[in-house]
Each structure stands twice: as structure tokens, then as C-alpha cells.
Amino acid sequence: MLPPELPPLPALTRAECEVVDHYLRIVDLLGRINPARGTDTYAALRAAQALPAQVAGLRDALTVMHQRGERELYAATLARALRTLDGERRAGRVTLPPEQPT
């Protein structure tokens, strides 16, 4: 059986795509660094080492947008792209897990 078809991504500029991609990579890395969810210091260390490169990529994409005169982030469109790319689940790893009963 085939998996359900994902909804199409909204039309984005190349820079907007890079913003979304780098943002999600940062979220993934922060999820691996999250001390409330992680179990391995080496994995957290590797994620922390990779974080500056992704942050620089996000900064560069936003710089390109700003230099082109794109002064607004279209939150609704970008949120739709993030949801399509499983951003809600991925961002959930950054938060604290539910408290376990004692």
C-alpha cells in the first residue's frame, strides 16, 4: 500500500526555501541537543558543532531576501511549508517532554 500523498509545497522563492530548510535543520539540531530528551552526550556535541553552519545559512538566506527588497515574511505561507515538511513534529523535540508522574 502506498503512503498518503503529501500536500504540495506552496510556491516559494529560492531564498524562502533556504530559510525553511535551514530553519528545520536548526530545529532538528536543537532537538538533538535538548538535554531533557537526549541520552547521548556525543550526539548532542555533534549537533552543537553543526549548529553554527546552519545558523549562518539561515542568516545568509535572510540577507539575500532583505537585499532583494523582500521586506516581509509571509508567515501563513511559510507555516504551510513547515507543516508540509513535518515541522510541527520536528519542533516538538525542542520542547520539554511531559512530566512523568512520580
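Note that the coordinates shown come from a computational prediction; the quantities given were computed from them, not determined experimentally. (Residues numbered from 1 in each chain as written. Predicted model: local features only at pLDDT ≥ 70, side-chain atom pairs only at ≥ 80, totals over all residues. Heavy atoms only, no water.)

Caption draft 1: Molecular detail of the overall build of the protein chain. When its secondary structure is counted, the protein chain shows four helices and zero strands. Over its C-alpha trace the protein chain gives a radius of gyration of 16 Å, far above what one expects of a compact globule, namely 13 Å for 102 residues. Summing over all exposed atoms, the protein chain offers an accessible surface of approximately 7600 Å²; the carbon and sulfur share of this is 59%. The positive charge centre, built from 13 side chains, and the negative charge centre, built from 12, are 3 Å apart in the protein chain. (Helix = DSSP H or I, 4+ residues; strand = E, 2+ residues; numbered from the N terminus. Rg over C-alpha atoms; globule rule 2.2 N^0.38 Å. Areas by Shrake-Rupley, 256 points an atom, 1.4 Å probe, with all protein chains shown as cover. Lys, Arg positive; Asp, Glu negative; His and termini not counted. Charge placed at Lys NZ, Arg CZ, Asp CG, Glu CD.)

Caption draft 2: Here's a closer look at helix α2 (residues 41–67). Between the first and last C-alpha of α2 there are 39 Å, a value that for 27 residues agrees with the 39 Å anticipated at 1.5 Å per step. A bend of about 30° at leucine 51 is the largest found in α2, and the proline proline 52 appears one to four places after it. Turning to α2, its buried residues number three or more, namely Ala44, Ala47, Leu51, Gln54, Gly57, Leu58, Ala61 and Met65. Structurally, α2 contributes buried residues whose contacts are with α1 (14–33). (Expected span 1.5 Å × (residues − 1). Bend = angle between axes of the 7 residues up to and from the residue. Buried < 20%, exposed > 50% of the residue type's maximum accessible area, 1.4 Å probe, protein only. Contact = heavy atoms within 4.5 Å.)

Caption draft 3: The pattern of salt bridges, seen in detail. Evaluation of the coordinates by the stated rule reveals six salt bridges. Arginine 59 serves as the salt-bridge partner of aspartate 60, at 3.0 Å between the closest nitrogen and oxygen. (Salt bridge = Lys/Arg side-chain N within 4 Å of Asp/Glu carboxyl O.)

Caption draft 4: Just the environment of glycine 31, in detail. Within the secondary structure, glycine 31 sits in helix α1. Remark: the alpha-carbon pair of glycine 31 and threonine 41, spanning ten residues in sequence, is separated by 13 Å. Discounting residues that sit within four places of it in the chain, glycine 31 has contacts with Arg93 and Val94.

Caption draft 5: Broad picture of the packing of α1 against α2. Running from amino to carboxyl end, α1 crosses α2 at an angle of 160°, the nearest separation of the two axes being 8 Å. By the angle between their directions, the pair α1 and α2 is classed as roughly antiparallel. Crossing hand, α1 versus α2: left-handed. Residue composition of the contact of α1 with α2, grouped by class: 18 nonpolar, three polar and four charged. (Axes fitted to C-alpha atoms, helices over the stretch in contact; angles between N-to-C directions. Parallel < 35°, antiparallel > 145°, perpendicular 65-115°, else oblique. Left-handed = near helix turned anticlockwise from the far one by under 90°. Nonpolar A, V, L, I, M, F, W, Y, C, P; charged D, E, K, R; others polar.)

Caption draft 6: Fine view of the packing of α1 against helix α3 (residues 75–84). One way to put it is that α1 packs onto α3 with a least axis distance of 11 Å and a crossing angle of 50°. As far as their axial angle goes, α3 and α1 are oblique. α3 is crossed by α1, and the crossing has right-handed handedness. Taking contact as the criterion, the partners of Glu16, Val20, Tyr23 and Leu24 in α1 are, on α3, Leu78, Ala81 and Leu82.

Caption draft 7: How the structure looks around the nonpolar core. Judged by nonpolar contacts, Ala15, Val19, Ile26, Leu29, Ala47, Leu51, Leu58, Ala61 and Met65 together constitute the single largest core of nine residues. Elements with a contribution of two residues or more to this core: α1 and α2. Per-element accounting of this core gives the leading share, five residues, to α2. With residues near it in sequence (within four places) discarded, alanine 61 still touches Ala15, Glu18 and Val19. (Core = buried A, V, L, I, M, F, W, Y, C linked by side-chain atoms within 4.5 Å.)

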